[in-house]
Amino acid sequence: MENLLAGAEMLARWDVMLALLVGSVGGVIIGAIPGVGPAVAIAILLPATFSLDPIVGLTMLLGIYGSSMYGGAIPAVLINTPGTAVNALTSYDGYPMTERGEAHRAVSLAYSASFWGGIFGILCLILLSPVLALIAPMFGSREIFLAALLGIILVILAHRGQIFAAGFLAMFGILLQTIGLDPVTYTQRYAFDLNFLISGINLIVVVLGLFALSQAFYLLTAPDSSPDAKPVTGRMSAGFKELLGHKRVATVASGFGVILGMIPGTGEFTAQFMSYTYAQKTSKKPDDFGKGSPEGLIASEAANNAVPAAAMIPLLALGIPGEALTAMMLSVFYVHNVIPGPQLFQNNIDLVYGLYLALILLNVIVFVFLLFSTNLLTKIIRVPTRFLGVMILILSFVGVYSLRNSLTDCMIAAVFGVLGLILKRLNLPIVPIILGMVLGGIMEVKLRSSLPRLNSPLDMINRPISFILFALIVLVLALHIRTLIKEYKARQPEEDHDLHDSQTR
């Protein structure tokens, strides 16, 4: 209770409340505009948050992260175009409901399910915090190294069908973070005596290039469009009553969001599909899914909104981000010399509880805001994509230049912007590069600090937690190899059959 009061006192400051309000409302607006998304917005705002107090900067970014999925449901339901990538499944059942003339029912159900999932995820986070406070001090250098290694393996394996590309891009990210001065010996690594490389490749410059500038280039090179969303009539609060009739689906979907949100590399997409599959398998009307099923809409929205709070668990407890947005938040911690991990719950517990309360408040603010502003947001959806591209381009370069007043940073960001555009055109993932940079840095520091205390390689796993983490790594790799073997065996009869047919002809 003492910690909760300290967190509430921290949150009661006017600048923190203003940041929460701006982040929450801004996140909804950004989520509602197809083609922008929270990653672009957070990347643009990152340089500005470095000059703010940690709680102010983090509250603003959390507001955008936690509320963008609410806004992303609006275009998914009304025009069959997800505002954010994680709202794609929402359109499966939301848009058919709109076509039936039930737009207000679909939108209010999406809001209610999102609120349910968001609050469920936060309550789980708060209940788990005493456990985190007990377990976190047991993590030494070797445990954090193995946890980061497990994280990067999971991120790579999460990109099914693109594992080689994801692995290559993650290794590229690890290479990028090694450029500059060695943190221990202060010798140059891959700098080639070039002054702009000696200081290293700045993570925020790469983030702005890969996410914001690449999206600006993508919008500017694509045909201009201005989506048309019709106004919605009816009470937006009506969906909560209907949601209570599907409490089981909403709760199980939120549980999937929490469990998978804690695992690096899985996140919203896996949670959504597992929740949607569960809802369909256990429904009395499975044939309605994809044709306007309220259960499908609830499963999708409850699952993806439970993830943001759960994704904070490995970030706060171990300092290990599970995806790009929490990796960006980690940089805000580092700039203010607040290091997430085992010491955070001992030294900055008021900050932790302040973030918990901020997450609860942002869900309340967003839900109330959406009850009265849906039709206003339908007008924002109509913003031309070329105009959006120009605005993102300008704000991105302003953000990059403000970091160190360096034109070189702007050029580096532009190079990564072009790289990001190429990856998008080829449908290849961008996230492994960012997580490679962040987790690669953690792995290097922790491995080098643990090596002097090891007499043999087996000493790396001679403690209970390090052994469990190592066993998990082996298990994950073994399961993946088993899946590959099964897929190969399943393909063999088809290939043999095709070969036999060609020889017969």
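Everything numeric in this text was worked out from a predicted model, so none of it was measured.

A. Broad picture of the pattern of salt bridges. Under the criterion given, the structure shown has 5 salt bridges. With a closest N to O distance of 2.8 Å, Arg463 and Glu143 form a salt bridge. With Arg463 in the loop between helix 20 (431-450) and helix 21 (464-504) and Glu143 in helix 7 (residues 141-157), this residue pair connects regions lying 320 residues apart in the sequence. Among the salt bridges present, the one from Glu444 reaches Arg189, with a minimum N-O distance of 2.6 Å. Placement of Glu444 in helix 20 and of Arg189 in strand 2 (residues 188-189) is noted, with a sequence separation of 255 residues between them. Each member of the pair, Glu444 as well as Arg189, is classed as buried.

B. Here's a closer look at the side chain of Thr59. Mapped onto the fold, Thr59 is located in helix 4 (residues 54-78). Setting aside its immediate chain neighbours within four residues, Thr59 contacts Val16, Ala19, Leu20 and Ala358.

C. Region of interest: empty space enclosed by the protein. Enumeration over the complete set of coordinates arrives at 2 cavities of 30 Å³ or more. The volume enclosed by the largest cavity comes to roughly 60 Å³. Lining the largest cavity we find Gly66, Gly118, Ile122, Asn305, Pro308, Ala309, Leu359, Leu362 and Asn363.

D. Focus on the layout of surface pockets. Of the voids in this model, the second largest pocket is the one considered here, and its volume is about 740 Å³. Considering the residues around the second largest pocket, the lining is formed by 28 residues, among which Gln177, Ile201, Asn202, Leu203 and Tyr334 are closest to the centre. Sorting the residues of the lining of the second largest pocket by element identifies helix 8 (163-178), strand 1 (180-181), helix 10 (203-221), helix 15 (324-335), helix 18 (385-404) and helix 20 as the ones contributing at least two each. If one sorts the elements of the lining of the second largest pocket by residue count, helix 20 sits on top with 6 residues. Class assignment for the residues of the lining of the second largest pocket results in 18 nonpolar, 7 polar and 3 charged.

E. Focus on the packing of helix 5 (residues 90-99) against helix 14 (residues 294-318). Viewed as axis vectors pointing N to C, helix 5 and helix 14 meet at an angle of 135°, and their least axial separation amounts to 8 Å. Between helix 5 and helix 14, the interaxial angle falls into the category oblique. As for the relative orientation of helix 5 and helix 14, their crossing is left-handed in sense. Of helix 14, the residues touching helix 5 (which contributes Thr90, Asp93, Gly94 and Met97) are Gly296, Leu297, Ser300, Glu301 and Asn304. For the contact of helix 5 with helix 14, a count of residues per class yields 2 nonpolar, 5 polar and 2 charged.

F. How the structure looks around the environment of Phe289. You can see Phe289 is positioned in the loop between helix 13 (267-282) and helix 14. Residue class for Phe289 comes out buried when judged on its relative accessible area of 8%. A C-alpha to C-alpha distance of 6.7 Å links Phe289 and Asp93, two positions 196 residues apart in sequence. If sequence neighbours within four positions are ignored, Phe289 has contacts with Asp93, Tyr276, Ala279, Gln280, Ser283, Glu295 and Gly296.

G. Representation of the packing of helix 7 against helix 20. Remark: helix 7 packs on helix 20, axes separated minimally by 8 Å, with the N-to-C direction vectors making an angle of 155°. Classified by the angle between their axes, helix 7 and helix 20 sit roughly antiparallel to one another. In the crossing of helix 7 with helix 20, the sense of the turn from one axis to the other is left-handed. Within the contact between the two elements, helix 7 uses Ser141, Arg142, Ile144, Phe145, Ala148, Leu149, Gly151, Ile152 and Val155 and helix 20 uses Pro432, Leu435, Gly436, Leu439, Ile442, Met443, Lys446, Leu447, Ser449 and Ser450. Taken together, the residues that form the contact of helix 7 with helix 20 break down as 12 nonpolar, 5 polar and 2 charged.

H. Fine view of the nonpolar core. Counting residues in each nonpolar core, the largest one holds 156 residues, and the members touching the most others are Leu46, Phe211, Leu316 and Met328. Ranked by residue count, the leading element in this core is helix 17 (residues 349-380), at 16 residues. If sequence neighbours within four positions are ignored, Phe211 has contacts with Ala39, Val40, Ala43, Ala324, Met328, Lys424, Ile430, Val431 and Ile434.

I. Inspection of helix 20 at higher detail. With 20 residues, helix 20 extends 28 Å between its outermost C-alpha atoms, agreeing within 8% with the 28 Å of an ideal straight helix rising 1.5 Å per residue. Among the 20 residues that make up helix 20, 14 are buried, leaving the element largely enclosed by the rest of the structure.

J. Representation of unusual backbone geometry. Despite not being glycine, Tyr190 has its phi angle at roughly 55°, a positive value. With respect to the element layout, Tyr190 can be found in the loop between strand 2 and helix 9 (195-198). Unusually for a residue other than glycine, Asn427 sits at a positive phi of about 60°. Here Asn427 shows up in the loop between helix 19 (407-425) and helix 20. Owing to a relative accessible area of 60%, Asn427 belongs among the exposed residues under this scheme.

Parameters and conventions
- Residues numbered from 1 in each chain as written.
- Predicted model: local features only at pLDDT ≥ 70, side-chain atom pairs only at ≥ 80, totals over all residues.
- Heavy atoms only, no water.
- Salt bridge = Lys/Arg side-chain N within 4 Å of Asp/Glu carboxyl O.
- Helix = DSSP H or I, 4+ residues; strand = E, 2+ residues; numbered from the N terminus.
- Buried < 20%, exposed > 50% of the residue type's maximum accessible area, 1.4 Å probe, protein only.
- Contact = heavy atoms within 4.5 Å.
- 1 Å grid on protein atoms, 1.4 Å probe; cavity = no way out; pocket = protein on both sides within 12 Å on 5 of 7 lines; lining within 4 Å.
- Points joined across faces, edges and corners; volume = space filled by probe spheres on them.
- Nonpolar A, V, L, I, M, F, W, Y, C, P; charged D, E, K, R; others polar.
- Axes fitted to C-alpha atoms, helices over the stretch in contact; angles between N-to-C directions.
- Parallel < 35°, antiparallel > 145°, perpendicular 65-115°, else oblique.
- Left-handed = near helix turned anticlockwise from the far one by under 90°.
- Core = buried A, V, L, I, M, F, W, Y, C linked by side-chain atoms within 4.5 Å.
- Expected span 1.5 Å × (residues − 1).

Scope: geometric values only; no functional claims are made or implied.
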